[in-house]
Amino acid sequence: MGFLRRQEVWGFGGLVAFTLWGAFAAQRVDCSGFHRNALVALVDSALPRVRGVAPTVPGDWRASVAGVRDVDDLSSLRGVAAGRNVVLISLESTGARYLRCYGAKEDPTPNLTRLAQTSLVFENAYAASPESIMGLFSVLCSRYPAFDTSGGDYAFVRTPGIAERLGREGYRTALFHSGRFMYLGMNAVVQQRGFGTLEDAGAIGGNFNSSFGVDEPATVERMLKWIDALPNGQRFLLHYLPIAGHHPYATPERGPFPESDDAGQYLNALHYGDAALGGFLDGLRARGLDTNTLFVIYGDHGEAFGQH
């Protein structure tokens, strides 16, 4: 009995030591995401987040990274977008702290940066949920998702979505997703929401396939073809859900940032998705649709690398 207990103690001690070593090594070696498990997360969460003598982010972490500015009065803009086409773009796992328009040192999204220079940039926008599908429900229906629910539960929520409302006003509506609607019950969130066209990776195809979806240029090409098939002058609502930025940050080509860790791969994934966004904007501009279209671009949630 004593021998068994001694063996158990040695086994547990070895497991703890191995876990600690894994958490340390994951910061220096590409583990392809396999270090993300409950035991490592438990140990890692107990370690201090601030290394050295000063915090990595000085001051109040709740303060806007874009600096303190006076609140603008936007009442004069009420109604100016009436009758325009509407393009909603949900940037996957794209947090404000990584974007130049919010004060980031690096610029993984130059097309978004240029667009932001002639746009309204909202500094106090927060994700309703850290899960993409729950956040999508919030965007579509302007309602908060409930905790302890799955995507399938939202099939029974009959709040009219934005596509349904605009459809009643004569808009053609479509949602294009570079991933797959079957993922975590997403089908239940997007079906019966007023979209006349729903296409995911299975319908889009593409030149680069992964377990999660297809390449962004293929989705952009599909969206532009849908627009080209509309009658001349037809107003439309188009919702674009790319997957670039999602772990494991796989892209078909190398980006400009060093890929020694997940953080670098993530920036390159954002850069790849931004290139596709630029191609889409160029396509609309070539069709003369850039000046009569309202663009609403948001990150569905952030991506944390040991940060708050």
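Right above here is the structure, for reference.
Summarised in this report is the structure supplied together with it. (Residues numbered from 1 in each chain as written. Predicted model: local features only at pLDDT ≥ 70, side-chain atom pairs only at ≥ 80, totals over all residues. Heavy atoms only, no water.)

### Notes on the overall build of the chain
Turning to step 1, where the next piece is worked out: Within the chain one finds nine helices and five strands.
Turning to step 2, where the next piece is worked out: In sequence order, the chain lays out its α and β elements as α-α-β-α-α-α-β-α-β-α-α-β-α-β.
Turning to step 3, where the next piece is worked out: Counting only residues that meet the buried cut, the chain has 38% of its 308 residues in that class.
Turning to step 4, where the next piece is worked out: When contacts within the chain are restricted to residue pairs at least 6 apart in sequence, those whose partners lie at least 24 apart make up 68%.
Turning to step 5, where the next piece is worked out: Carbon together with sulfur atoms contributes 56% to the accessible area of the chain, which is approximately 18300 Å² in total. (Helix = DSSP H or I, 4+ residues; strand = E, 2+ residues; numbered from the N terminus. Buried < 20%, exposed > 50% of the residue type's maximum accessible area, 1.4 Å probe, protein only. Contact = heavy atoms within 4.5 Å. Areas by Shrake-Rupley, 256 points an atom, 1.4 Å probe, with all protein chains shown as cover.)

### Things to note about the packing of aromatic side chains
Turning to step 1, where the next piece is worked out: Enumeration over the complete set of coordinates arrives at ten aromatic pairs.
Turning to step 2, where the next piece is worked out: An aromatic cluster of at least three residues, connected via ring pairs, comprises Y98, Y249, Y266 and F305. (Phe/Tyr/Trp six-rings, centres within 6.5 Å; stacked < 30°, edge-to-face > 60°.)

### Description of a nonpolar patch on the surface
Turning to step 1, where the next piece is worked out: Residues L74, L77, V80, L120 and F122 make up a contiguous nonpolar surface patch of about 450 Å² in total accessible area.
Turning to step 2, where the next piece is worked out: Tracing the backbone through its elements, the reader meets F122 in the loop between α3 (110-116) and α4 (132-141). (Patch = residues over 30% accessible without salt bridge, like charges linked within 9 Å, V, L, I, M, F, W, Y side chains within 5 Å. Salt bridge = Lys/Arg side-chain N within 4 Å of Asp/Glu carboxyl O.)

### Overview of the sheet that holds strand β5 (residues 293-299)
Turning to step 1, where the next piece is worked out: Judged by pairing direction, the sheet is parallel, and its five strands sit side by side in the order β3-β2-β4-β1-β5 without closing on themselves. Of all strands in the sheet, those bounded by a partner on one side alone are β3 (197-199) and β5. Pairwise comparison of adjacent strand axes, ignoring direction, gives a mean angle of 10 degrees for this sheet.
Turning to step 2, where the next piece is worked out: As paired elements, strand β1 (residues 85-91) and β5 share seven bridges and run parallel to each other. Across the sheet, residue I89 finds its bridge partner in β5, namely I297.
Turning to step 3, where the next piece is worked out: Set on the sheet, α4 makes contact with β4 (236-241) and β5; between it and β4 the angle comes to about 165 degrees. (Pairing = 2+ DSSP bridges. Axes fitted to C-alpha atoms, helices over the stretch in contact; angles between N-to-C directions.)

### Some thoughts on the pairing of strand β2 (residues 172-177)
Turning to step 1, where the next piece is worked out: Most of β2 sits inside the fold, with five of its six residues counted as buried.
Turning to step 2, where the next piece is worked out: Two elements, β2 and β4, share six bridges in a ladder whose sense is parallel. In the sheet register, R172 faces β4, and the bridge partner there is F236.

### Examining empty space enclosed by the protein
Turning to step 1, where the next piece is worked out: According to the stated counting rule, one finds one cavity of 30 Å³ or more in the structure shown.
Turning to step 2, where the next piece is worked out: As a volume, the largest cavity reaches approximately 120 Å³.
Turning to step 3, where the next piece is worked out: Together, 13 residues line the largest cavity, and L91, T94, L270, G273 and D274 are the ones closest to its centre.
Turning to step 4, where the next piece is worked out: Per-element accounting of the lining of the largest cavity gives the leading share, five residues, to helix α9 (residues 262-286). (1 Å grid on protein atoms, 1.4 Å probe; cavity = no way out; pocket = protein on both sides within 12 Å on 5 of 7 lines; lining within 4 Å. Points joined across faces, edges and corners; volume = space filled by probe spheres on them.)

### Focus on α9
Turning to step 1, where the next piece is worked out: Across its 25 residues, α9 extends 36 Å between first and last C-alpha, which sits within 8% of the 36 Å expected from 1.5 Å per residue.
Turning to step 2, where the next piece is worked out: Count one or two residues on from α9 and you reach G288, which has phi positive near 70 degrees. (Expected span 1.5 Å × (residues − 1).)

### Section: the side chain of N85
Turning to step 1, where the next piece is worked out: Position of N85 among the secondary structure elements: in strand β1.
Turning to step 2, where the next piece is worked out: Polar side-chain contacts of N85 include one of 3.5 Å to the side chain of T293.
Turning to step 3, where the next piece is worked out: For N85, the residues in contact, after removing those within four places along its chain, are Y171, Q234, R235, F236, L289, N292, T293 and L294. (Polar contact = N/O pair within 3.5 Å; in protein donor to acceptor, adjacent residues only side chain to side chain.)

### Structural notes on unusual backbone geometry
Turning to step 1, where the next piece is worked out: Residue P248 is bonded to the preceding H247 through a cis peptide linkage, with omega at 15 degrees.
Turning to step 2, where the next piece is worked out: In this structure, P248 sits in the loop between β4 and α9.
Turning to step 3, where the next piece is worked out: The phi torsion at D148 lies on the positive side, around 60 degrees, for a residue other than glycine.
Turning to step 4, where the next piece is worked out: When you line up the elements, D148 lands in the loop between α4 and α5 (162-168).
Turning to step 5, where the next piece is worked out: Residue D148 is classed as exposed on the basis of its relative accessible area, which comes to 83%.
Turning to step 6, where the next piece is worked out: Located in the positive-phi region is Y249, a residue other than glycine, with phi close to 60 degrees.

### Describing the packing of helix α8 (residues 216-228) against α9
Turning to step 1, where the next piece is worked out: Where α8 contacts α9, the two axes come as close as 9 Å, and the packing angle between them is 20 degrees. As summarised for this structure, α8 and α9 are arranged roughly parallel, according to the angle between their axes. For the element pair α8 and α9, the recorded crossing hand is right-handed. Along its contact with α8, which presents E216, P217, V220, M223, L224 and I227, the element α9 presents Y272, A276, G279, F280, G283 and L284.
Turning to step 2, where the next piece is worked out: Each residue belonging to the contact of α8 with α9 can be placed in one class, and the counts come to nine nonpolar, two polar and one charged. (Parallel < 35°, antiparallel > 145°, perpendicular 65-115°, else oblique. Left-handed = near helix turned anticlockwise from the far one by under 90°. Nonpolar A, V, L, I, M, F, W, Y, C, P; charged D, E, K, R; others polar.)

Function-wise, these values are silent; they only describe arrangement.
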